[in-house]
Amino acid sequence: MSSTWHILGAGSLGSLWACRLARAGKAVRLIVRDQQRLRGYQQAGGLTLIENEQPRHYAIPAETAPAHGPIHRLLVACKAYDAAPAIASVAPRLAEGAEVLLLQNGMGSQDEAAELVPHARCVFVSSTEGAFREGDWQVRFAGHGFNWLGDPRNPTIPAWFDDLHEAGIPAEWTVDILTRLWRKLALNCAINPLTVLYDCQNGGLLGHLDEVEALCAELAGLLRRCGQPEAAHGLNEEVQRVILATAANYSSMYQDVRAGRRTEVHYLLGHACRAAARHGLQLPQLEHLLQRLVENLRLRGLPCD
Ligand code: NAP
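Residues numbered from 1 in each chain as written. Predicted model: local features only at pLDDT ≥ 70, side-chain atom pairs only at ≥ 80, totals over all residues. Heavy atoms only, no water.

### Comments concerning the packing of aromatic side chains
Then, number 1: A full pass over the atoms with the stated rule returns six aromatic pairs.
Then, number 2: Seen in terms of ring centroids, Trp 5 and Trp 160 are 5.4 Å apart; in terms of plane orientation they differ by 75°. Their pairing is edge-to-face. Note that Trp 5 is positioned in strand 1 (residues 5–8) and Trp 160 in the loop between strand 11 (147–150) and helix 5 (161–166), a separation of 155 residues in sequence.
Then, number 3: Take Trp 5: its relative accessible area is 0%, and that puts it in the buried class.
Then, number 4: Members of the aromatic cluster, connected to one another through ring pairs, are Trp 5, Trp 160, Phe 161 and Trp 173.
Then, number 5: Directly above the ring of Phe 141 sits Arg 20, whose terminal nitrogen or CZ lies 5.3 Å from the centroid.
Then, number 6: Arg 73 extends its terminal NZ or CZ atom over the ring of Trp 5, reaching a point 4.8 Å from the ring centre. (Phe/Tyr/Trp six-rings, centres within 6.5 Å; stacked < 30°, edge-to-face > 60°. Helix = DSSP H or I, 4+ residues; strand = E, 2+ residues; numbered from the N terminus. Buried < 20%, exposed > 50% of the residue type's maximum accessible area, 1.4 Å probe, protein only. Lys NZ or Arg CZ within 6 Å of the ring centre and 35° of its normal.)

### Some remarks on the domain arrangement of the protein
How big an interface is tends to be expressed through the accessible area that disappears when the partners come together.
Then, number 1: The domains assigned to the protein are domain 1 (5–175) and domain 2 (179–299).
Then, number 2: Each partner contributes to the interface: domain 1 provides 15 residues, whereas domain 2 provides 13 residues.
Then, number 3: In this assembly, domain 1 packs against domain 2 so that about 1500 Å² is buried in total across both faces, 58% of it on carbon and sulfur atoms.
Then, number 4: It is Tyr 81, Asn 105 and Met 107 in domain 1 that bury the most area against domain 2; as a group they hold 49% of the surface buried on that side. (Domains from an automatic or database assignment. Contact = heavy atoms within 4.5 Å. Buried area = accessible area lost by both parts, 1.4 Å probe.)

### A word on the side chain of Glu 218
Then, number 1: The topology assignment puts Glu 218 in helix 7 (residues 209–225).
Then, number 2: One buried charged side chain, Glu 218, makes no salt bridge at all; its nearest oppositely charged neighbour is Arg 292, positioned 10 Å away.
Then, number 3: Among residues more than four places away in sequence, those in contact with Glu 218 are Leu 283, Pro 284, Gln 285 and Leu 286. (Lys, Arg positive; Asp, Glu negative; His and termini not counted. Salt bridge = Lys/Arg side-chain N within 4 Å of Asp/Glu carboxyl O.)

### Overview of the pairing of strand 7 (residues 94–102)
Then, number 1: Strand 7 sits mainly inside the fold: seven of its nine residues count as buried.
Then, number 2: Of the pairings in the sheet, the one linking strand 6 (residues 71–76) to strand 7 comprises five bridges and is parallel in character. Across the sheet, residue Leu 75 finds its bridge partner in strand 7, namely Leu 101.
Then, number 3: Of the crossover connections in this fold, the one passing from strand 6 over helix 3 (residues 80–90) to the parallel strand 7 is right-handed.
Then, number 4: Bridge count for strand 7 against strand 8 (residues 121–127) is four bridges, and the pairing is parallel. In the strand pairing of strand 8, Leu 102 is matched with Phe 124. (Pairing = 2+ DSSP bridges. Right-handed = clockwise from strand over helix to strand, strands pointing away.)

### Considering the packing of helix 6 (residues 177–197) against helix 12 (residues 284–299)
Then, number 1: At a closest axis distance of 10 Å, the pairing of helix 6 and helix 12 adopts a crossing angle of 40°. Considering the angle they form, helix 6 stands oblique to helix 12. Crossing of helix 6 against helix 12: the hand is left-handed. Each of Cys 189, Pro 193, Leu 194, Val 196 and Leu 197 in helix 6 lies in contact with helix 12, whose residues at this interface are Leu 289, Arg 292, Leu 293 and Asn 296.
Then, number 2: Here the contact of helix 6 with helix 12 is built from residues that sort into seven nonpolar, one polar and one charged. (Axes fitted to C-alpha atoms, helices over the stretch in contact; angles between N-to-C directions. Parallel < 35°, antiparallel > 145°, perpendicular 65-115°, else oblique. Left-handed = near helix turned anticlockwise from the far one by under 90°. Nonpolar A, V, L, I, M, F, W, Y, C, P; charged D, E, K, R; others polar.)

### Comments concerning the layout of surface pockets
Then, number 1: Computed from the structure, the second largest pocket encloses a volume of approximately 180 Å³.
Then, number 2: Taken together, 15 residues form the lining of the second largest pocket, with Gln 110, Asp 111, Phe 124, Pro 152 and Leu 178 sitting closest to its centre.
Then, number 3: Taken together, the elements giving at least two residues each to the lining of the second largest pocket come down to helix 4 (109–116), strand 8, helix 6 and helix 11 (269–278).
Then, number 4: Its residues placed into classes, the lining of the second largest pocket shows eight nonpolar, three polar and four charged. (1 Å grid on protein atoms, 1.4 Å probe; cavity = no way out; pocket = protein on both sides within 12 Å on 5 of 7 lines; lining within 4 Å. Points joined across faces, edges and corners; volume = space filled by probe spheres on them.)

### Quick notes on the site of the ligand
Then, number 1: Taken together, the neighbourhood of the ligand is formed by 25 residues, with Ser 12, Leu 13, Arg 37, Arg 133 and Glu 264 sitting nearest.
Then, number 2: Here an oxygen atom of the ligand sits 3.1 Å away from a polar atom, N or O, in the main chain of Gly 11.
Then, number 3: Here an oxygen atom of the ligand and a side-chain polar atom of Arg 133 are 2.8 Å apart.
Then, number 4: Listing elements by their share of the shell around the ligand, those giving two or more residues are helix 1 (12–23), strand 2 (28–32), helix 3 and strand 9 (130–135).
Then, number 5: The residue inventory of the shell around the ligand, partitioned by class, reads 11 nonpolar, seven polar and seven charged. (Near = heavy atom within 4 Å. Polar contact = N/O pair within 3.5 Å; in protein donor to acceptor, adjacent residues only side chain to side chain.)

### What to know about the sheet that holds strand 9
Then, number 1: Pairing is mixed in the open sheet, where four strands are placed in the order 4-3-10-9. The sheet is open, and its two edges are formed by strand 4 (54–58) and strand 9, each paired on a single side. The sheet shows a mean angle of 30° between the axes of neighbouring strands, direction not considered.
Then, number 2: One ladder, built from five bridges, connects strand 3 (residues 47–51) with strand 4; its direction is antiparallel. Among the inter-strand pairings, Leu 47 is bridged to a residue of strand 4, identified as Tyr 58.
Then, number 3: Running over the sheet, helix 1 touches strand 3, strand 4, strand 9 and strand 10 (138–143) and is turned about 90° from strand 3.

### Brief notes about helix 4
Then, number 1: Residues of helix 4 that are buried: Ser 109, Gln 110, Ala 113 and Ala 114. For helix 4, the angular spread of the buried residues around the axis is 135°, confining them to a single face.
Then, number 2: On its buried side, helix 4 packs onto helix 3, strand 7, strand 8 and helix 6. (Arc of directions from axis to C-beta.)

Written out as structure tokens, the structure is:
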């Protein structure tokens, strides 16, 4: 089986993974959106990763989805709302037994993706690393973090897992990936929408801790109802720790809104509210939060889903 890493989406995280894998001598190919983007990439001659103020250039080969050749290992690094259409565009190229790594934040997009490629093994990733685009094909590694990978349907560690360690990508295989994703989603729901509504850094929520606490109580109830009691454990305390530890930071949702970009709300707070409705759970604080956020996005002319 080919050991090439095909990376679908050469944005912030996709480029961060691609450059580190290429640097370690792994075979990497980027799949970019269309011919126009491919021409732009070829003019730039590769990706630039800025790490510790040091820019380094990586001439990684790139193609578009309709290119020829089977794909055995695919890292999907698009936003959650782009993941399913992007995977559909390469699905005919996925080889028998292909493995698909899904880097998306939130929940729901992983299942949408898995439905499109029922014969592939889908590995879910929960990442706390931070990167952002300074320009086209130029990415800054902004925050060290960690990656948890797992497959809810198959606990066996994949053969390629050592590639990550060799590439210096901090990662651990976990059989509890859903717990990790739920916990991260709950932290996001308790912090990010409020930072948009109050137009503040994470630390600004120290003035709204009663509201945060009420949200955490509802989120913990939801997690337990969804069979994730571990993800519910000590949620409010962790949310408060995160708010303090990241007081000077702007949440990812806040940054998206300020930059006029579509948010991933559908796969974050939206997913939580849909899960509650499926379980017949009334969560008034959470539902009201979603209504206020949707209204806020609408007034800014941003997509609400
Ligand atoms: P990003 O910088 O916006 O990159 C997404 C990339 O996907 C873009 O390059 C976009 O292409 C590409 N794309 C979209 N549709 C495509 C298609 N059909 N075919 C090929 N490429 C396509 O996003 P990101 O920040 O890396 O985020 C990716 C995911 O990781 C999100 O779910 C995010 O929440 C999660 N995450 C990000 C970070 C972080 O620090 N960045 C940290 C943790 C988790 P164009 O360049 O043409 O627009």
